[in-house]
Each structure stands twice: as C-alpha cells, then as structure tokens.
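An overview of the molecular structure
The residues making up each chain are set out below.
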Amino acid sequence: MDFTKMHGAGNDYIYVNAYQHDMDWPEVARKVSNRHTGIGADGLIIAMPSETADLRMRMFNFDGSEGEMCGNGIRCLVAYAIQEGLISDGPGAKSIETGNGVLSVSPEYSNGSMVGATVNMGEPILNPVEIPVEIPVSDWPVLDYPLEVDGYELGLSFVSMGNPHAIAFIDQDVDEFPLEQIGPEVERHPIFPNKANFEVVNRVSENKLKARVWERGSGITLACGTGACALVVAARLKDLVSTEVEVELPGGVLKISLSGDGDVMMHGPVKTVYKGNWLDA
C-alpha cells in the first residue's frame, strides 16, 4: 500500500489513496499508527471519491476509531490530493466531504507548492444534546461546568466542531498540567456518550492562547485543529479574547478567526514528511 506521511503543526497522519484500495481501515489505522511496529502517526486519513464535493475524507484515530473531522488533517488531505492528481491544483477553494458535512479549504502556495490552507470550519455546536454531553442543564452555551476528575477540580466548557470538545481554562502552566493522567479520564467520563477531546488552555493575551490537547482515540497530540477552533469559541464566549486569535500548541501555531456570520476560520501549515510503501507483515 503506497502512503504519504504528512503533518499539520505536528499533528501527523498517514494518507492513503482509497480510490485504489479497499481495506479494513480501522485495522489498518491501528497497525500503521503504531510508532514502534508501524509507520507511526496520530492516525490514518484516506482520500475517497465524493458525490457531493471535490473529495471525501475519512479519518481514523490511533486506536482505529473513526472520527467525524480533523482540522489539521483536512488541510494536509487537500495537499495530498493535489500531489496525487485527485483534485485540481488550480486557484480557488476545494470542497471536502467530511463527517461534519462539506467544508471549504482554500490552499496557500509558495514557490508553486502548497504550504498551508484556510479552512471554513462552519459554525460551532453549543447545545449539549448535539455535542453530545449528558449534563443536567437547560441553558447553553455551557461554560465552566464543574467536574472533579481524579482529584482535579475542572471547569469545563463544551463545544463541538463536528466532534466533541471539553475545554478547561487554567491558571497552572499547561506544560505542567498532568495531561497524561487527566486526559484519558475526561475522554471516557460517563457524561460523554461518544467520548470527548480535552484541552487545557492558558490565556496569554486577547489575541493569543496556549494549549495542550488530549485527543479522543489518540492520546496526547502536538496539535488539534478542531480543538483550537473549539477553545477559541469558548474563550470568546467567556470574553477572554478578540475575534482573531493565535493558538500556540506544542507542534506549532494555528490562527483562528471568528467571522460575523458565525463561521470559524482556521489557518495552518501543511508539510509532507515522506512517501513510502507499507508491507503488512
């Protein structure tokens, strides 16, 4: 199986042309993602034909579970599809079918190569029923919901960008927060019927946030595009930031802007690491 490894702000995935392959993708994802016995990645993303868009994206986490959406992954997928000749490299936005509907991706070029993209991530989902999160509240958005997890008192804000996010704004430096301990407990907490992604966030200024991420199905990752969008939405609702925000993540910086019509725009880099052929032993 031919593949390309790519990353967006350190959030790395294996990309495969599924126009040519039909496999047990959850099993493939588990095998290729393993950083000791496989290629090594946060997960697998496959390019497929679409009847409603230029391309269809399916993404699978490190553990083989399928996710609805990946913000860093969709940028790299467009670059991969252009490299593979699956979609045109001409000017204009590309439409990508995802588990969160059809999204628009506008490539950014330098010296003839795609180096980044802006993605219209659509409107955030704030209704707990739709996120989903099962909590006894009738009003939303839900900000700073008290939850004790393994001895930590967290105030969680809930946002979905097609996938569920629980966001904690903390005073402790996010680099010192025991994410490897608390992350899996939040992900699998009973209030999340579909599990959840978890972000811890420091406010740096009205235009900058610093965050770390525990991704549902993958664990600690260097960046999360949907998470960056979700935490900026929550920060704006808490009146902590403006409508143009840089999110500093361990793998790099994502730029998030909130448009007047409610859509969330995300800009970030794409990088091809290497190409290869995977032999399933």
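Residues numbered from 1 in each chain as written. Predicted model: local features only at pLDDT ≥ 70, side-chain atom pairs only at ≥ 80, totals over all residues. Heavy atoms only, no water.

**Let's talk about helix 4 (residues 225-237)**
Over its 13 residues, helix 4 runs 19 Å from end to end, which matches the ideal 18 Å to within 8%, given 1.5 Å per residue. Most of helix 4 is tucked away, with 11 of its 13 residues classed as buried. Directly beyond the C-terminal end of helix 4, a positive phi value near 60° is found at Asp-239. (Helix = DSSP H or I, 4+ residues; strand = E, 2+ residues; numbered from the N terminus. Expected span 1.5 Å × (residues − 1). Buried < 20%, exposed > 50% of the residue type's maximum accessible area, 1.4 Å probe, protein only.)

**Section: the pattern of salt bridges**
Across all of its chains, the model carries 11 salt bridges by this definition. For the salt bridge of Lys-31 with Glu-27, the shortest nitrogen-to-oxygen distance reads 3.9 Å. Here Lys-31 pairs with Glu-27, and both are found in helix 1 (residues 25-33), just 4 residues apart, close to one helical turn. Judged by relative accessible area, which is 30%, Glu-27 ranks as partly exposed. One connected set of salt bridges, linked through shared partners, spans Lys-5, Asp-12, Arg-35 and Asp-42. (Salt bridge = Lys/Arg side-chain N within 4 Å of Asp/Glu carboxyl O.)

**Considering the environment of Ala-168**
Relative to the elements of secondary structure, Ala-168 occurs in strand 11 (residues 164-169). For the pair Ala-168 and Gly-155, spaced 13 residues apart in sequence, the C-alpha to C-alpha distance is 5.7 Å. When near neighbours in sequence (up to four residues on either side) are disregarded, Ala-168 contacts Leu-154, Gly-155, Leu-156, Phe-198, Glu-199, Val-200 and Val-201. (Contact = heavy atoms within 4.5 Å.)

**Some thoughts on the side chain of Thr-226**
Here Thr-226 is to be found in helix 4. A polar atom in the side chain of Thr-226 sits 3.0 Å from the side chain of His-165. What Thr-226 contacts, discounting residues up to four positions off in sequence, is Met-69, Cys-70, Gly-71, Met-121, Met-161, Asn-163 and His-165. (Polar contact = N/O pair within 3.5 Å; in protein donor to acceptor, adjacent residues only side chain to side chain.)

**Quick look at the state of the cysteines**
Within this structure, the stated rule accounts for 0 disulfides. The structure places no disulfide on Cys-76, whose sulfur is separated from the nearest cysteine sulfur, that of Cys-70, by 8.2 Å. The class for Cys-76 is buried, based on a relative accessible area of 0%. Among the cysteines around Cys-229, which has no disulfide bond, Cys-224 carries the closest sulfur, lying 8.6 Å off. (Disulfide = S-S within 2.5 Å.)

**Comments concerning unusual backbone geometry**
Cis geometry marks the peptide bond from Ile-131 to Pro-132, where omega comes out at -5°. Secondary-structure assignment places Pro-132 in the loop between strand 8 (113-120) and strand 9 (145-149). Residue Pro-141 is reached from Trp-140 by a cis peptide bond, and omega for that bond is 15°. Here Pro-141 shows up in the loop between strand 8 and strand 9. The backbone of Ala-9 sits at a positive phi, close to 55°, despite the residue not being glycine. Taking the relative accessible area as the measure of exposure, Ala-9 reaches 3% and is therefore buried. Notably, Asp-144 is not glycine yet its phi reads approximately 60°, a positive angle. Within the secondary structure, Asp-144 is located in the loop between strand 8 and strand 9.

**So, the packing of aromatic side chains**
This structure, assessed with the given rule, holds 6 aromatic pairs. With a centroid separation of 5.3 Å and 70° between ring planes, the pair formed by Tyr-152 and Phe-177 is classed as edge-to-face. Note that Tyr-152 is positioned in strand 10 (residues 152-160) and Phe-177 in the loop between strand 11 and helix 3 (179-187), a separation of 25 residues in sequence. Using a relative accessible area of 28% as the deciding quantity, one classes Tyr-152 as partly exposed. Between Phe-158 and Phe-192, the ring centres sit 5.8 Å apart and the planes meet at 75°, which makes this aromatic pair edge-to-face. Taken together, the residues span a long stretch of sequence, with Phe-158 in strand 10 and Phe-192 in the loop between helix 3 and strand 12 (197-205) at a distance of 34 residues. The burial state of Phe-158 is the same as that of Phe-192; both residues are buried. Taken together, the ring pairs connect Tyr-145, Phe-158 and Phe-192 into an aromatic cluster. (Phe/Tyr/Trp six-rings, centres within 6.5 Å; stacked < 30°, edge-to-face > 60°.)

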